[in-house]
Structures are given as C-alpha cells and as structure tokens.
Amino acid sequence: MTRRLFRSHCAVALAVFLASVALIMGVLYGYFSRIQQTQLRMQTQLAAQGVERCGLDYFDGLTVRDCRITWIDGSGAVLYDSAADANAMENHLEREEVRRALASGYGESRRYSATLTERMLYAAQRLSDGTVLRLAIAQSTVLTMLLGMGQGLAAVAFIALLLSAVMARRAARRIVEPINALDLDEPLKNEGYDEIAPLLSRLDSQQKQLRDQTQMRREFTANVSHELKTPLHVISGYAELIQNGMVSQEDIRPFAGKIYDGTQQMAKLLEDITSLSRLDEGATDMRFERTDLYAAAASAVEELRPMAEKAGVSLRLTGGAAPMEGIPALLRSIVFNLVENGVKYGHAGGTVQVQVELGPEQVLLTVRDDGPGIPAEQQEYIFERFYRGEKSHCKDIPGTGLGLSIVKHAALVHHARIGLESEPGKGTTVTVTFPLTKES
Ligand code: ADP
C-alpha cells in the first residue's frame, strides 16, 4: 500500500513539477528576452553616439565582453568587427537588421550566427554619415536557462520526492490503521469510512449465511441420526431376539419381514438424502433435454401400481403427450413422490388421479387424492426437510419427511410453481406448473 501510494504521489509531484518548470520557463524566457532586447537597444544607441564622435578611434583599445560590435559602411562592407577580421568578412548589406537600419534608422533581428555558432540577437543603428553600427549578443535559449537552473531544479525535485515518500507513508498508515482495527466478528458495528461500508455489509451477510448453513447442517445431522435410529432399533431388536433363539419357528418369517422393512426404510432415507444433496448442488451433473412429462408420469405410476393395489387404492393417469425441456429423472421423481404420498396416506377404496395437460405456455401436472387431507396449520411446513405430519407418525406410515422437499427443489430447478389445496377429510390436490420456456 505504501509503495503504491508513494508511486501515485510521486507521479502527481512529478507532473506538477514539470508543469511548473515549463510554465516558469516560458514566463522567464519572455521576460528576459524583453530585458535583453531593451538593453541591447540602449547599448547600440550609446555606441553609435561614440562612433559618431570618434570614428574608427572609438574602437581603439575597446574591450568587448559578452557582446559583438560591427561597423558597416553604406554599401555593406564591414569596417570593423570585434569578433573577426573585418577584411575577411562578407558583405553585410543583406543582413536583416542592417537593411532595416538603412531604411528606417534602426533595425533588429534574431538568427543563428555562423561566425559565433550561437543564436544571436542583433540591433543596428544608422549613423549620420550613412554607415551602420551593429551590436549582437548571444540569446540565452530555454535549454541554457534550464542548465543554468539545474542545481535548483534538482533540489526541488529531490524535496518533492522526499515529501511524496513522507506523505505516502502517513497516508498509508491513516488508511490501514482503521482497517486493522475493524471488528470482523460484528462487521456492521464498525464506524470506519463510508467507502468500506459495502465490504462490511457483504462480510456481515456472508457470516449470516455461514451461521445459517452451520445451523442447517447441525439440524440435518440431528434429523438424519434421528430417522436412522428408529429402523436401526427395529433391526437390531428383532435380530437379537432371533440370535438368542427366543423366537418361535413361526415368528421368524414376520420378524425377518420387520428387519427387511427396516433396511428398506434406511435405504429410502439414504436415497432421498442423496437426491436432495444433488439438488442442493444445483443438479449440475444432470442435463436438460427434450422429454415428455406424460411419459415420466406413466413410468412413476406403473412403478407404484403394486403398492397401490396392496393398499386398495386405485391409480388413474389421464392426459396426453406433454413434450418439454426438462431433466427426466427429476420429473419422474416429482410425480413419484406426489403419487406415493397419495397412496400412502390414502385409504382402501380411495383413488389417486394423475393428470398431465399441455397448454400453450405451460405443462400442468395435477395429483389429486381423496385421502385424509392436510390440516391448514401444517400446510406451510410440509415442504420442509424432515417434516412429518403428526398423523403419519401415529399411524406408523413409513416415510422420511424428505419427499416433498425433493419435489420442491426439483420443481425449482425447472422454474415450476407448486400449488397445494387440501382439506382434512376431503383429500389433497397438488399442482405443478412448468413454464414452456427455453430453460424448462
Ligand atoms: P413423508 O411422506 O416421508 O412423511 P413428505 O415430505 O412426502 O414426507 O410429506 C411430509 C408430510 O406431509 C407427511 O408426513 C404428511 O403428513 C403430509 N402429506 C404429504 N402428502 C400428503 C397427502 N397426499 N395426504 C395427506 N398428508 C400428506
């Protein structure tokens, strides 16, 4: 964090520094150029007066520093030059400042001098005899100014860097300290800055989820052990009696039957738990495919027919082909669990009717029985895991309390809606409406 802040502080400091240098250089350059120009003009006028009075003698013993002085006659021939041999110099009539001075009395120009290999500022003054006196000084460029200010600039850059480091360290500390002091056990009680409020509320909801999941897992484990205990006691009790030789020959068969029922109950419990946990994981190992709900219903009904016959309940399937997108195993399991309940809780002579209807936008499954019905106060719980109606326990009807949870989750995977109508003494009707969309 400190390094990142340092980098961004440095970038800002450098940008400000460069912008300031560019701005200051621009302003200073313009300012100094104007001063230089004014001074050159004054010096040219002064020297012109001197040459006007003394002629060539003016240059005798003249020491010229940081400046070049040239005297040119009206035809452009150089009469005197402080920096070069006048005789060897070319005609200066075409020099811009000379032309201007000859035309208007005074002229200026700037250009690169081949003689001095520098950028020069020239000022020329016409004398009364028609000759021209010219002064030239080297014009300082931005680069030379920058080089001149090099040390100062380096010092400023160093200070900016140092300040960036100190500020980055302080800022990092001020940001990190409240984060380190957060109470993660109770995220919403922290009064940090507003920016981390979304993080804290996400943390809080994740913790709640985790607590709920832990609670659910605990309840699940307790329920599973409870549901396993009953058949296990039956199995071990009867097996022990047989083992100790305390059972008469004719009782052995019914006792073995009890043991078999117990194992069946345990197997059913394990089967239901496996189905539910697959559904909890989103049934990711199952694929949607083109299937037919009527075919799934027919298969479930046929499997349950022997059980229904044994219980004296008649099973009826009506409707017709209902092609849809779905997971065949889950569709079958929905019908199976609903019909099995109708048979299980129904009475001898009763009827369970299964109907599959294909509509323009939906497929409707209806399972109707004329059994005991479900009391209104129990109806909101029957789709919960391990919930079993009191009567189911009392009448010793086998079950795991997971059947309707499986129905609920399997319907959810298909985006289907479940409806329940039940009246004690009259029967129960469960409807499952599957929308005919791409996913369903
Ligand atoms: P299980 O049948 O194994 O007990 P379910 O989840 O299938 O578990 O059903 C939960 C409870 O709902 C049952 O114990 C029963 O009390 C009640 N129930 C479900 N279907 C019917 C029905 N068709 N008629 C009467 N009661 C029912």
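Residues numbered from 1 in each chain as written. Predicted model: local features only at pLDDT ≥ 70, side-chain atom pairs only at ≥ 80, totals over all residues. Heavy atoms only, no water.

**Re the side chain of Arg 388**
Its location among the elements puts Arg 388 in the loop between helix 9 (376–379) and helix 10 (390–394). An unpaired buried charge is present at Arg 388: no salt bridge exists, and Glu 227, the closest side chain of opposite charge, is 5.5 Å distant. One polar contact links Arg 388 to Tyr 345, side chain to side chain, over a distance of 3.4 Å. (Helix = DSSP H or I, 4+ residues; strand = E, 2+ residues; numbered from the N terminus. Buried < 20%, exposed > 50% of the residue type's maximum accessible area, 1.4 Å probe, protein only. Lys, Arg positive; Asp, Glu negative; His and termini not counted. Salt bridge = Lys/Arg side-chain N within 4 Å of Asp/Glu carboxyl O. Polar contact = N/O pair within 3.5 Å; in protein donor to acceptor, adjacent residues only side chain to side chain.)

**Quick notes on the domain arrangement of the protein chain**
The domain architecture assigned to the protein chain consists of domain 1 (2–147), domain 2 (188–281) and domain 3 (286–440). The C-alpha-based centres of domain 1 and domain 3 are spaced at 104 Å. (Domains from an automatic or database assignment.)

**A closer look at the packing of aromatic side chains**
Evaluation of the coordinates by the stated rule reveals seven aromatic pairs. Lying across the ring of Tyr 106, Arg 41 places its NZ or CZ 4.4 Å from the centre. Taking NZ or CZ as reference, Arg 111 lies 4.2 Å from the ring centre of Tyr 122, over its face. (Phe/Tyr/Trp six-rings, centres within 6.5 Å; stacked < 30°, edge-to-face > 60°. Lys NZ or Arg CZ within 6 Å of the ring centre and 35° of its normal.)

**Topic: the nonpolar core**
Grouped together as the largest cluster of nonpolar side chains are 48 residues, with contacts concentrated most on Leu 293, Leu 338, Val 339, Leu 365 and Phe 434. Those elements that provide at least two residues to this core are helix 6 (249–280), helix 7 (293–311), helix 8 (328–345), strand 9 (351–358), strand 10 (362–369), helix 11 (403–413) and strand 12 (427–435). Counting residues per element, this core draws most heavily on helix 8, which supplies eight residues. Both domains that meet at this core, namely domain 2 (188–281) and domain 3 (286–440), each give it at least three residues. (Core = buried A, V, L, I, M, F, W, Y, C linked by side-chain atoms within 4.5 Å.)

**What about the layout of surface pockets?**
Quantified by volume, the second largest pocket comes out at close to 450 Å³. Looking at the second largest pocket, it is lined by 16 residues, and the ones nearest its centre are Met 216, Arg 217, Phe 220, Asp 280 and Arg 385. Only helix 5 (197–243), helix 6 and helix 11 provide two or more residues apiece to the lining of the second largest pocket. Ranked by residue count, the leading element in the lining of the second largest pocket is helix 5, at six residues. Looking at the lining of the second largest pocket residue by residue, the class counts come to four nonpolar, five polar and seven charged. (1 Å grid on protein atoms, 1.4 Å probe; cavity = no way out; pocket = protein on both sides within 12 Å on 5 of 7 lines; lining within 4 Å. Points joined across faces, edges and corners; volume = space filled by probe spheres on them. Nonpolar A, V, L, I, M, F, W, Y, C, P; charged D, E, K, R; others polar.)

**Considerations on the state of the cysteines**
Enumeration over the complete set of coordinates arrives at zero disulfides. Cys 54 forms no disulfide, and the closest cysteine sulfur to it belongs to Cys 67, at a distance of 17 Å. Take Cys 67: its relative accessible area is 23%, and that puts it in the partly exposed class. (Disulfide = S-S within 2.5 Å.)

**Overview of the sheet that holds strand 11 (residues 417–423)**
The strand order across the open sheet formed by five strands is 7-9-10-12-11, and the pairing between neighbours is mixed. What marks the edges here is a single partner per strand, and that holds for strand 7 (314–319) and strand 11. Going across the sheet, the axis of each strand differs from the next one's by a mean of 10 degrees, ignoring polarity. Here strand 11 runs beside strand 12; their pairing, made up of seven bridges, is antiparallel. (Pairing = 2+ DSSP bridges. Axes fitted to C-alpha atoms, helices over the stretch in contact; angles between N-to-C directions.)

**Side note on empty space enclosed by the protein**
Evaluated as defined, the whole model comprises one cavity of 30 Å³ or more. Lining the largest cavity are Glu 227, Pro 231, Gln 265, Leu 269, Gly 399 and Thr 400. Looking at the lining of the largest cavity residue by residue, the classes come out as two nonpolar, three polar and one charged.

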